[in-house]
Amino acid sequence: MIGNGAIVARCWILGECSILVGREPVASDGSYRWHLSIAHRRRYPTWDEIKMARYSIPELRDMPLMVQLLPKIDDPGQWTNLHDNCFHLYESTPDIDLERS
């Protein structure tokens, strides 16, 4: 993470899951946002493990919104997952429109 420009990088173990958290550059304007990845060696992390990780980490606990991104499947440059059983959450802004039409 630090090698890719993160200004903060931390790791934890939660049960059988590994958690990495970084404050990473996300835009050409030089802004930084939080990124959490959670992985398990043999299976997907459960919803409860993901929630526990997100809300237990002090820097993320009061964050208004974190999201999991699913980019276009035919754009391999957008996929950051190098581990089969890893999920990524990213800091987002709470003003995105989630209303259903």
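Reading the values: the criteria
Residues numbered from 1 in each chain as written. Predicted model: local features only at pLDDT ≥ 70, side-chain atom pairs only at ≥ 80, totals over all residues. Heavy atoms only, no water. Helix = DSSP H or I, 4+ residues; strand = E, 2+ residues; numbered from the N terminus. Polar contact = N/O pair within 3.5 Å; in protein donor to acceptor, adjacent residues only side chain to side chain. Contact = heavy atoms within 4.5 Å. Buried < 20%, exposed > 50% of the residue type's maximum accessible area, 1.4 Å probe, protein only. Pairing = 2+ DSSP bridges.

Peer 1: Account for the side chain of Glu91, naming residues and giving values.
Peer 2: Topologically, Glu91 is positioned in strand E5 (residues 86–91). A distance of 2.9 Å separates the side chain of Glu91 from the side chain of Arg23, its partner in a polar contact. Glu91 has contacts with Arg23, Tyr32, Arg33, Trp34, Met63, Leu65 and Met66, leaving out every residue within four places of it along the chain.

Peer 1: How would you sum up the pairing of E5? Please name residues and give values.
Peer 2: Burial of E5 is extensive: five of the six residues sit out of reach of the surface. Here strand E3 (residues 32–40) pairs with E5 via five bridges, running antiparallel. Looking across to E5, one finds that Leu36 is bridged to Leu89. Relative to E5, strand E4 (residues 66–67) runs antiparallel, the two being bridged by two bridges. Residue pairing for E5: Val67 is matched across the bridge by Tyr90.

Peer 1: Tell me about the sheet that holds strand E1 (residues 8–14), and please be specific about residues and values.
Peer 2: The five strands are arranged E1-E2-E3-E5-E4 in an open sheet whose pairing can be described as antiparallel. Every other strand in the sheet has two partners, leaving E1 and E4 as the edge strands with one partner each. Relative to strand E2 (residues 17–25), E1 runs antiparallel, the two sharing seven bridges. Note that in E2 the partner of Ile13 across the bridge is Ser18.

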